[in-house]
Amino acid sequence: MQPKPDRAAWLKGGNSNCNIGFGGPAEGQHRFVLLGAPGVGKGTQAELLSDRFHICPLSTGDIFRASTALAARCECCPAMLRALDYMKAGALVPDETVLALIRERAKCLRCNGGFLLDGFPRTIAQAEALEEILAENGVKLDAVLSYELPLEKIVARLGGRRSCPQCKKVYHIESMPPKKAGVCDACGVALFQRDDDRPEAIRVRMQAYEKSTTPLTNFYRGKGLLISIEAEGTPAAIFNRSLEAIQSFAKA
Ligand code: AP5
């Protein structure tokens, strides 16, 4: 069996290469963007979809989280240190910083394996820049999956989230608890709660989402790329709904 991609090229940028090289065969690749409010379950679905389609989940939030330890030690990354301050407070990182990171990782977008962007784009300026970057790299999006759920249910998902610092697996204290409370099933290490899952940061994140990211649904609807998916129910039910929606979209 092929190993899971470690996404080193995405998480570290620069000259880093992934453990499985530069993707699989060009045919059958998929290029998706996942949209949806913070905590709606994009990361959970990204894992399931990436296993199903053999594509890397590329989350901009993961880049920032992976850089946290490095930036804390290194005075030479002022832009990243500022980005992490925005993130801790729940605010969006400025477009300029995010786009510099994406351009540095353009090879992930032309990877033969395809891609699944999670958390990018998040503003109209980022969406327009993504179009430019994709055109420069000779690739196109297949579809944009937009996950939708009432706000109070989203806040409950965020408040109960716990993550493994080692393998990054995400749990929920009620809906997806680990076998032993507070401990990762796979690594046996203590789970942690993200800084930006505190109530005051959640409020700021929701406001940023409403103001900057919701206009993207109209942007992508106008381009005929939007697939709306109800994010109610178990992760497996939502995953099946996603697969059905992708199939119907591809046939239409
Ligand atoms: P990012 O990491 O992208 O966070 P987010 O969009 O806020 O999304 P989350 O990771 O919080 O939630 P999710 O939808 O993936 O939900 P999950 O699957 O974990 O960004 C973090 C920050 O980085 C931003 O706030 C910003 O500062 C910065 N940033 C990143 N990208 C940026 C950009 N492009 N521009 C500017 N700034 C940027 O699920 C949540 C919980 O619910 C989990 O506990 C899970 O177990 C549980 N759950 C999932 N599905 C279900 C289900 N069906 N039923 C019950 N529980 C469920």
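It should be noted that the structure appears before, not after, this text.
What comes next is a walk through the structure. Just so it is clear, the model here is predicted, and its values are computed rather than measured.

**Observations concerning the packing of helix 2 (residues 42-53) against helix 11 (residues 235-251)**
Close contact between helix 2 and helix 11 brings their axes to 10 Å; oriented N to C, the two are set at 55 degrees. When the interaxial angle is binned, helix 2 and helix 11 end up oblique. When you trace helix 2 past helix 11, the crossing you get is right-handed. The residues of helix 11 that touch helix 2, namely those facing T44, Q45, L48, L49, R52 and F53, are P235, I238, F239, S242, L243 and I246. When grouped by side-chain class, the residues that make up the contact of helix 2 with helix 11 number 8 nonpolar, 3 polar and 1 charged.

**Let's talk about the environment of E174**
Secondary-structure assignment places E174 in the loop between strand 6 (170-172) and helix 9 (199-213). Taking C-alpha positions, E174 is 9.0 Å from R157, a pair spaced 17 residues apart along the chain.

**Looking at the sheet that holds strand 1 (residues 30-35)**
Taken together, the 5 strands give an open sheet; going across it, the order is 2-3-1-4-7, and neighbouring strands pair in parallel fashion. The open sheet has two free edges, formed respectively by strand 2 (56-59) and strand 7 (226-230), since each of these has just one partner strand. The sheet shows a mean angle of 25 degrees between the axes of neighbouring strands, taken without regard to direction. Judged from the 5 bridges that link them, strand 4 (residues 143-148) and strand 7 form a sheet pairing that is parallel. Bridge pairing in strand 7 places E148 opposite E230.

**Notes on empty space enclosed by the protein**
Remark: the empty space left among the atoms is shown by a probe the size of a water molecule rolled over them. As enumerated under the stated definition, the model contains 1 cavity of 30 Å³ or more in all. Considering only enclosed or pocket space, the largest cavity measures out at about 60 Å³ in volume. As for the largest cavity, its lining consists of L34, L35, G36, K42, G119, F120, P121, R122, Y209 and T213. Looking at the lining of the largest cavity, its residues break down into 5 nonpolar, 3 polar and 2 charged.

**What about the packing of aromatic side chains?**
Taken as a whole, this structure holds 2 aromatic pairs when the rule is applied. On the basis of an interplanar angle of 65 degrees and a centroid distance of 5.8 Å, the ring pair of F32 and F53 is categorised as edge-to-face. Placement of the pair is F32 in strand 1 and F53 in helix 2, with a sequence separation of 21 residues. The class for F32 is buried, based on a relative accessible area of 2%. Aromatic pair F219 and Y220: ring centres 5.0 Å apart, planes at 90 degrees, arrangement edge-to-face. Here Y220 falls in the buried class, since its relative accessible area comes to 1%. The ring of F53 has R52 sitting right over it, with the charged end atom 5.2 Å from the ring centre. Note that K223 overlies the ring of F219, its terminal NZ or CZ placed 5.0 Å from the centroid.

**What to know about the pairing of strand 3 (residues 114-118)**
Of all 5 residues that make up strand 3, 5 are buried, and the element is covered over most of its length. Alignment of strand 1 against strand 3, held across 5 bridges, turns out to be parallel. Looking at strand 3, one finds that L34 is bridged to D118. The pairing of strand 2 with strand 3 spans 4 bridges and is parallel. The residue of strand 3 that forms the bridge with S59 is D118.

**What to know about helix 10 (residues 215-222)**
Taken together, the buried positions of helix 10 are occupied by L216, T217, F219 and Y220. One side of helix 10 carries all its buried residues, which in axial view fall inside an arc of 160 degrees. Helix 10 presents N218 and G222 as exposed residues on the side facing more than 90 degrees away from its buried surface. Buried-residue contacts for helix 10 involve strand 1, helix 7 (124-136), strand 4, helix 9 and strand 7. Count one or two residues on from helix 10 and you reach G224, which has phi positive near 70 degrees.

**Overview of helix 7**
Since the α-helix turns once every 3.6 residues, residues separated by three or four places project in the same direction. The end-to-end C-alpha separation of helix 7 is 19 Å, in line with the 18 Å expected for 13 residues at 1.5 Å each. Of the positions making up helix 7, those classed as buried are Q126, A127, A129, L130, I133 and L134. One face of helix 7 carries all of its buried residues, which in axial projection span an arc of 165 degrees. Those residues of helix 7 that are exposed and aimed more than 90 degrees away from the buried face are A135 and E136. Residues of helix 7 that are buried make contact with strand 1, helix 5 (95-104), helix 6 (106-109), strand 3 and helix 10. Looking one or two residues beyond helix 7, the residue adopting positive phi is G138, at roughly 70 degrees.

Scoring rules and cut-offs
Residues numbered from 1 in each chain as written. Predicted model: local features only at pLDDT ≥ 70, side-chain atom pairs only at ≥ 80, totals over all residues. Heavy atoms only, no water. Axes fitted to C-alpha atoms, helices over the stretch in contact; angles between N-to-C directions. Helix = DSSP H or I, 4+ residues; strand = E, 2+ residues; numbered from the N terminus. Parallel < 35°, antiparallel > 145°, perpendicular 65-115°, else oblique. Left-handed = near helix turned anticlockwise from the far one by under 90°. Contact = heavy atoms within 4.5 Å. Nonpolar A, V, L, I, M, F, W, Y, C, P; charged D, E, K, R; others polar. Pairing = 2+ DSSP bridges. 1 Å grid on protein atoms, 1.4 Å probe; cavity = no way out; pocket = protein on both sides within 12 Å on 5 of 7 lines; lining within 4 Å. Points joined across faces, edges and corners; volume = space filled by probe spheres on them. Phe/Tyr/Trp six-rings, centres within 6.5 Å; stacked < 30°, edge-to-face > 60°. Buried < 20%, exposed > 50% of the residue type's maximum accessible area, 1.4 Å probe, protein only. Lys NZ or Arg CZ within 6 Å of the ring centre and 35° of its normal. Arc of directions from axis to C-beta. Expected span 1.5 Å × (residues − 1).

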